[in-house]
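Structural overview
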Amino acid sequence: MRTTPPATDRHATPLAPESLQPLLREAAGRIDLQVLEECDSTNLQLLAMAKEGAPAGTLLLAERQTAGRGRRGRIWHQGPQSLAFSLLWRLPAGRPPHGLSLAVGLAIAEALPAGTQLKWPNDVLMDGRKVAGILIESAGVQNGSPRYVIGIGINLGETDALPADVAAIATGLPSDDRPQLLAKVLDRLVVILDAFAAHGFAPLQSRWQMRNAYQDLAVNLFFAEGGDPVQGVCRGVDANGELLLETATCLQTIASGEVSLRLQ
Ligand code: BTN
């Protein structure tokens with residue numbers, strides 16, 4: 001892990017703790033930003049820092065990741081102007097994490113321009129293309145409180161530098177003011193994580209559903225282990241963030257695990 005000042009030449013607006021802090025509102029005083037020029041994965045590094053006693057609210061951002069981690073064991077590819085960061089957060093003892101990744105997706109969608117949608121379980125879409133991804137990993141329990149590393153990648157700028165198969169389904173936001181964008185996301189995230197800590201996903205369910213890109217559309221549900229997809233109509237999510245899939249025979253609830261959803 002290498003800590004150097006952010007490279008001002010490659011990034012439209014450099015990111016540094018002192019440029020972010022004055023922009024924060026709800027997240028002010030709740031977030032401690034550390035910026036790395038390069039690391040393998042901010043999730044991996046923050047998991048290690050959590051083991052060493054880093055407090056909740058630690059935010060690790062990397063200008064480059066050499067082994068960014070995505071869902072389902074995939075690699076997360078990051079364009080040169082993108083945002084890749086991980087936040088260490090704690091939930092109160094006894095608060096199950098059901099729907100946590102959906103809550104985080106909702107926070108990002110609400111911070112991005114109007115029209116941003118969500119694809120279960122936690123892809124953030126603009127114009128049907130992926131603009132952000134989320135990977136949450138458990139950082140163990142401290143004094144009875146479960147802690148999580150919440151990893152977020154947001155595509156900014158051109159997606160041409162991404163591998164062709166990723167670029168084909170990705171889009172990027174304008175990258176001219178990264179500190180402002182990061183501050184907006186963090187402010188929304190803190191508000192939603194507080195609501196989640198108090199009440200779980202249930203109070204966020206209807207807002208998530210309003211942004212559901214596949215609401216009432218025919219979809220295929222694929223399992224990581226392979227096999228035929230389950231076909232059905234996407235009916236949104238329940239109060240735990242589980243997918244409601246209406247098949248020919250019944251309304252099934254699907255827990256977010258090693259599954260993915262595609263339009264038929
Ligand atoms: C996905 O959609 O597959 C999830 C992608 C999550 C990527 C972010 S980038 C910052 C953080 N560090 C990682 O290694 N992964 C997450």
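Report on the accompanying structure. The model shown is predicted, which means the values in this text are computed figures rather than measured ones.

**Considerations on the site of the ligand**
Contacts to the ligand come from 20 residues, most closely from Ser41, Thr42, Arg69, Arg71 and Lys130. Residue Ser41 places a side-chain N or O atom 2.7 Å away from an oxygen atom belonging to the ligand. Between an oxygen atom of the ligand and a main-chain N or O atom of Arg71, the distance comes to 2.7 Å. When isolated, the ligand has an accessible area of 420 Å², and the protein chains bury 97% of it. Mapping the ligand onto the cavity grids shows that it belongs to the largest pocket. Put simply, the parts of the chain that give the shell around the ligand at least two residues each are helix H2 (42–51), strand E3 (83–90), strand E6 (129–142) and strand E7 (145–154). The greatest single-element share of the shell around the ligand, amounting to four residues, is contributed by E6. Of the residues assigned to the shell around the ligand, the class counts are six nonpolar, 10 polar and four charged.

**Structural notes on the layout of surface pockets**
Of the pockets and cavities examined, the largest pocket occupies roughly 880 Å³. Put simply, the parts of the chain that give the lining of the largest pocket at least two residues each are H2, E3, strand E5 (123–126), E6, E7, helix H4 (164–167) and strand E12 (259–263). Residue classes in the lining of the largest pocket are distributed as 17 nonpolar, 12 polar and nine charged. Each pocket or cavity is described by its volume, and for the second largest pocket that value is around 460 Å³. Considering the residues around the second largest pocket, the lining is formed by 23 residues, among which Pro97, Ser101, Asn122, Ser256 and Gly257 are closest to the centre. Every element with two or more residues in the lining of the second largest pocket is listed here: helix H3 (100–111) and E6. In terms of residue count, the dominant contributor to the lining of the second largest pocket is E6 (five residues). Looking at the lining of the second largest pocket residue by residue, the class counts come to nine nonpolar, nine polar and five charged.

**Digging into helix H5 (residues 178–199)**
An ideal rise of 1.5 Å per residue puts 32 Å on 22 residues; H5 measures up with 31 Å between its terminal C-alpha atoms. The positive-phi residue at the C-terminal boundary of H5 is Gly200, with phi of around 75°.

The rules we used
Residues numbered from 1 in each chain as written. Predicted model: local features only at pLDDT ≥ 70, side-chain atom pairs only at ≥ 80, totals over all residues. Heavy atoms only, no water. Near = heavy atom within 4 Å. Polar contact = N/O pair within 3.5 Å; in protein donor to acceptor, adjacent residues only side chain to side chain. Areas by Shrake-Rupley, 256 points an atom, 1.4 Å probe, with all protein chains shown as cover. 1 Å grid on protein atoms, 1.4 Å probe; cavity = no way out; pocket = protein on both sides within 12 Å on 5 of 7 lines; lining within 4 Å. Sits in = over half its atoms within 2 Å of the grid points. Helix = DSSP H or I, 4+ residues; strand = E, 2+ residues; numbered from the N terminus. Nonpolar A, V, L, I, M, F, W, Y, C, P; charged D, E, K, R; others polar. Points joined across faces, edges and corners; volume = space filled by probe spheres on them. Expected span 1.5 Å × (residues − 1).

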